[in-house]
Every structure is written in C-alpha cells, then in structure tokens.
Amino acid sequence: MMKTLFTAFAALILSASLASADEIDPGNWDSVVRKASGQTVYWNAWGGSESINDYIGWVGEELREQFGVKLVHVKLDDTANAVAAVLTEKAAGKHDNGAIDLIWINGENFASMKRQGLLYGPGWVQKLPNWRYVDVENRPTITTDFTIPTDGMESPWGMAKLVFFYDSARTEAADLPDSADELLQWAKRNPGRFSYPQPPDFIGSSFLKQVLSERIDDPSRLLEPVDAKEFPALAKPLFDYLDELHPHLWRSARAFPRDYPSMSQLLADGELEITFAFNPAEASSAIANDLLPDTIRSFTFSGGTLSNTHFVAIPYNAAAKAGALVTANFLLSPEAQARKQDPDVWGDPTVLAMEKLPDEDRARFEALDLGVATLSPQELGPALPEPHPSWMAMIEKEWAARYGVAN
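Quick caveat, the model's predicted, so the values are computed rather than measured. All residue numbers here refer to positions counted from 1 along the written sequence of the relevant chain. Selection of residues for local features in this predicted model requires a pLDDT of at least 70, selection of side-chain atom pairs for listing and counting requires 80 or more, and totals for whole chains, interfaces and linings are taken over all residues. Side-chain calculation: all heavy atoms of the structure are included, whereas hydrogens and water are not.

The next thing to look at is the pattern of salt bridges. Salt bridges are defined by distance alone: a side-chain nitrogen of Lys or Arg within 4 Å of a carboxyl oxygen of Asp or Glu. Using the criterion set out here, one finds 18 salt bridges in the structure. Of the charged contacts in the structure, one is a salt bridge between Lys-114 and Asp-151, with a shortest N-O distance of 2.7 Å. Residue Lys-114 is found in helix α5 (residues 107-115), and its partner Asp-151 is found in the loop between β5 (148-149) and β6 (155-161); the two are separated by 37 residues along the sequence. With relative accessibility at 23%, the residue Lys-114 sits in the partly exposed group. Salt bridges linked by common partners bring Asp-167, Arg-170, Arg-193 and Glu-273 together as one network. Counting from the N terminus, the helices are the DSSP runs of H or I reaching at least four residues and the strands are the DSSP runs of E reaching at least two. When accessible area is computed with a 1.4 Å probe and restricted to protein chains, residues below 20% of their type maximum are described as buried, those above 50% as exposed, and intermediate ones as partly exposed.

Centres within 6.5 Å make a pair out of two Phe, Tyr or Trp rings, where for Trp the six-membered ring is used; the pair is then stacked when the planes are under 30 degrees apart, edge-to-face when over 60, and tilted otherwise. Within the structure shown, the criterion is met by 24 aromatic pairs. Both rings, one in Tyr-55 and one in Trp-157, keep their centres 6.4 Å apart while their planes meet at 35 degrees; by these two values the pair is tilted. Taken together, the residues span a long stretch of sequence, with Tyr-55 in helix α3 (residues 50-67) and Trp-157 in strand β6 at a distance of 102 residues. Accessibility classification places Tyr-55 together with Trp-157 in one group, the buried group. Ring centres of Tyr-196 and Phe-256 lie 5.2 Å apart, and the angle between their planes is 55 degrees; this geometry places the pair in the tilted category. Here Tyr-196 is found in the loop between α6 (180-189) and α7 (202-215), whereas its partner Phe-256 is found in the loop between α8 (231-245) and α9 (260-268), with 60 residues between them in sequence. The exposure classification of Tyr-196 matches that of Phe-256, with both residues buried. Feature note: the residues Phe-164, Tyr-166, Phe-194, Tyr-196, Phe-207, Phe-239, Phe-256, Phe-276, Phe-299, Phe-301, Trp-399 and Tyr-403 constitute an aromatic cluster, connected by ring pairs. Over a ring means this: the NZ of a Lys or the CZ of an Arg is within 6 Å of the ring centre and within 35 degrees of the ring normal. Its guanidinium or amino end placed over the ring of Tyr-316, Lys-90 lies 5.8 Å from that ring's centre, counting from NZ or CZ. Across the ring face of Trp-346, the terminal group of Lys-340 is positioned such that the distance to the ring centre comes to 5.6 Å.

Bringing the sheet that holds strand β9 (residues 296-299) into the picture now. Strands are labelled as partners when DSSP assigns at least two bridges between them. Strand order in this open sheet of three strands is β8-β7-β9, and the pairing throughout is antiparallel. Either end of the sheet is taken by a strand with one partner, and the two such strands are β8 (274-277) and β9. Averaged over all pairs of adjacent strands, the angle between strand axes in this sheet comes to 35 degrees, irrespective of strand direction. Across four bridges, the pairing between strand β7 (residues 163-167) and β9 is antiparallel. From the neighbouring strand, Tyr-166 faces β9, where its bridge partner is Arg-297. In this analysis, two residues are considered to be in contact whenever any of their non-hydrogen atoms come within 4.5 Å of each other. For helices, the axis comes from a line fit to the C-alpha atoms of the stretch in contact; other axes are also lines fit to C-alpha atoms, and the angle between any two N-to-C directions lies between 0 and 180 degrees. In the packing of α9 onto the sheet, contacts are made with β7, β8 and β9, and the angle to β8 comes to roughly 150 degrees.

The next thing to look at is the nonpolar core. Residues belong to a common nonpolar core when they are buried Ala, Val, Leu, Ile, Met, Phe, Trp, Tyr or Cys residues joined through side-chain atoms within 4.5 Å. Ranked by size, the top nonpolar core spans 59 residues in total, and within it Tyr-196, Phe-207, Tyr-241, Leu-242 and Phe-276 carry the most contacts. Here this core takes seven residues from α8, the largest share from any one element. Counting 49 residues, the second-largest nonpolar core is a separate cluster that includes Ile-52, Ile-56, Trp-157 and Leu-331.

Our next topic: the pairing of strand β3 (residues 102-105). Burial of the side chains of β3 extends over both faces: Leu-102 and Trp-104 are buried on one face and Ile-103 and Ile-105 on the other. Two strands pair when backbone bridges link them, and β3 and strand β10 (residues 305-313) are joined in this way by three bridges, in the antiparallel orientation. Each bridged residue has a counterpart across the sheet, and for Trp-104 the counterpart in β10 is Val-312.

What follows concerns α8. The terminal C-alpha atoms of α8 lie 21 Å apart, and with 15 residues this matches the ideal 21 Å at 1.5 Å per residue to within 8%. Of all the bends found along α8, the most pronounced is centred on Pro-237 and spans about 45 degrees. Buried within α8 we find Phe-231, Ala-235, Pro-237, Leu-238, Phe-239, Tyr-241, Leu-242 and Leu-245. As for α8, its buried residues are in contact with α6, α7 and α14 (389-403). Helices are assigned an expected span. That span is 1.5 Å times one less than the residue count. Note that the bend at a residue is defined as the angle between axes fitted to the seven residues ending at it and the seven residues starting at it.

So, about the layout of surface pockets. As defined here, a cavity is a set of points on a 1 Å grid over the protein atoms alone where a 1.4 Å probe fits but cannot get out. A pocket is an open set with protein on both sides within 12 Å along at least five of seven lines, and residues line them when an atom is within 4 Å of a point. Grid points are joined across faces, edges and corners, and a volume is the space filled by probe spheres set on the points. As a volume, the second largest pocket reaches approximately 930 Å³. Along the walls of the second largest pocket sit 39 residues, with Arg-139, Met-159, Ser-307, Pro-349 and Leu-380 positioned nearest its centre. Elements represented by at least two residues in the lining of the second largest pocket include exactly β4 (144-145), β6, β10, α13 (359-366) and β11 (383-384). A breakdown of the residues in the lining of the second largest pocket according to their chemical character gives 19 nonpolar, 13 polar and seven charged. Throughout, the ten residues Ala, Val, Leu, Ile, Met, Phe, Trp, Tyr, Cys and Pro are labelled nonpolar, Asp, Glu, Lys and Arg are labelled charged, and all others, Gly among them, are labelled polar.

Right, let's talk about the packing of α6 against α8 for a bit. Contact pair α6 / α8: the axes reach a minimum separation of 10 Å and the direction vectors enclose 15 degrees. Put simply, α6 runs roughly parallel to α8. Our pair here, α6 against α8, has a crossing hand that is left-handed. Residues Ala-180, Asp-181, Leu-183, Leu-184, Ala-187 and Lys-188 of α6 touch α8, and the partners they reach there are Tyr-241, Glu-244 and Leu-245. Among the residues forming the contact of α6 with α8, the class breakdown is six nonpolar, no polar and three charged. Each angle is binned into one of four classes, with values under 35 degrees roughly parallel, values over 145 roughly antiparallel, values of 65 to 115 roughly perpendicular, and all other values oblique. Handedness of a crossing follows from how the near helix is turned relative to the far one, being left-handed for an anticlockwise turn of less than a right angle and right-handed for a clockwise one.

Following this line, the structure appears as structure tokens:
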C-alpha cells in the first residue's frame, strides 16, 4: 500500500515538474527566447501574394539567424481553413502539440476562435517587448477587431484601408466616382470595366461591406450583431445595389476575379479601369515590382472607406508557443515593420507610433519613399469602422445563394 502511494506521489511530482518546464511566461522574455531556440513555428498565412510571401521568407531567415527559430509558411487561400483545423483538433481532444503555431488573422476568424476558446491568452500581447512601440493611443482598431475586444489575444501586424486604383493614362481623375452610388453610375457608363473578387475572398467581401456601410439607413446597426430575421431587410440596400451593378461588371458578372492579384493583373492588361485593395501602398508596391505601369494612381471616397488592423494569433494548443511569441515580437520590431512598409518589399502600413521610436529606428521610416501612387494620410480620407463579424457571415452566405459562380 505504502509503495503504491509513494509511486503515485512521485508521478504527481514528476507531472507537475514537467508541466512547469513546459509552461510559457511571456513576462519572462529571456526564458521565452531560450525555449524558442530550436523550435519550428508553423505559420498559417494567406499565400496569394508573391511580395508578401517573399517578406515572410525574409522573416524566416531573420528568426533563424537571430533566435534559432525555424519558420514554415503554411500558405492558405482562406484563413477559415486554419480556424477549422484548430477546432477539429479541440473536438478530438488534442489540447497540446497542435499542428498550427501562428495564424495571420482578423475579423470574423478572430471572433470565431475567441468565441470557441481556440486562442492562447489573454494578455500575452502586452508583454511582448516591442509592444511599447505600438500606436495604441491613436489606432482604436489595434485593440478592437471588427467591434470585438482583442484582450491581448492577437498581436497587431499591419494597418489596412480600402483604396481604389486607376490608370491615369486611360482615365481622367475628374471622371472617378466618389461614393458607391457614383461607382454604380460609372460602371453603367463603362460596362465591363469594373469587377470585384468573388466572396469569400476578403477583398471581395470588403467591397460588399463598403457598399452596405454607405447605403444602410442606420450605419450604427452594423456595429451590433445581426440575426437571421433582421438581416434581409437591413441588407436589402446592398443586394438591390448588386442586382443593378452586376449586368455592367466584367464578363457581366458571369465570372469574377479570383482575388486581388488576379484583379490587379486585369488592370495591368487593360481589361479593368478601376480596382481596389486594402493596402494604401499596394499600387506603389506593384509599380516598384514591375507588376503595374507607373501611371497607376490611387483614390478613395471623400465620405470614407473601411479601415482595420490585421494581426497574428497563437492557437491555444500550439506546439511551439515560445517560438510563436518570438515571431510575433519580431514582426513588431522597428526593423521588420519598416521593411514591411517599404513599397519595394510589400508597402504594408506600420502599427508603430513614430514618436515612441528611438531616433535611429524612426530614421528607417523617414528614409522610405512611399511611391508615386500612395496617398498621404490626409488624402486617405475618413476611416469607416468594420461591421460586427456576424454581418460578414450572413452577407457571404446570401451572396453565394444569389450569385455564386465557379470561376
């Protein structure tokens, strides 16, 4: 009997000791860095852009050299697939050593993971050493993602704002639309010269939210959850708009561009006259990489366009939490943020506050040439808030039921 009790006690002590050894304390950063060395971080991130993929490749090289962390970019075409994978692991009882260590995420996917208890945290983000540089005070979307509080469960990576592009060699600036309604009239005058990526592509879905934000009677309703009973009446202005717009789209809406790069190629080929993206420097970056002619310019609507922040998050069952924390912190470093904002590399706007940076790091940003097609902050116009995530799911479902086509 005594031998059995002793054995059980010893097993309990050993188990507690192992648990302590595996425990990660983001507040003890030296310990996090030591544990990260030698780990492999599987980062699930959209893989549809060559320039972004190249940037992530550079991040991997830096992590290996500086911290001994191996980064594997698992390229996604839809972040929802990563969310589903973590959910499947949880349902199967796989609460440790999950297959995903880091996810590029925001909006409805973050809301879904938070609601289902699939995220590591809360509170680890504020303990990252480079959090001290983040512009929390002036960018509310860093702590509120599509109306959902982030609670330190996802680390900001970049800023986004819906911006339109046109070729100034073919289109006069005076002829450009200044609202969704004016875009509809422009499309009627220029049949086949506009389109948008097919939802659930996030750029295509963002266009639908932009239209609804402009046309709904009470925009404050978009900041609240919507249920199935309310949705048809509240979303009617959007689908009335699309019913009127689609006959005038590229290929009469019998097909849609697959994603932003596909739409951008159609602009370069002269098939489309107006395109858009969620990065104000996207056109300048494409010009710098010889993907678009140097006559491309940007514009927004004077009444405002959608704006948000994109993040990285760690699943609750990640196998390499220390490596993921080191990766998230490196992504917030002035070195990584300045390189990301360079249009020659990617052109994605920083989440850092310039006044918080040391002089030498601020100089990295001041030395950047943002390019001929990038609007100044004053020219970008007002920022419209993202709707509550419940809207996106219903919009995409209704869109597929009405117009779903196979590209």
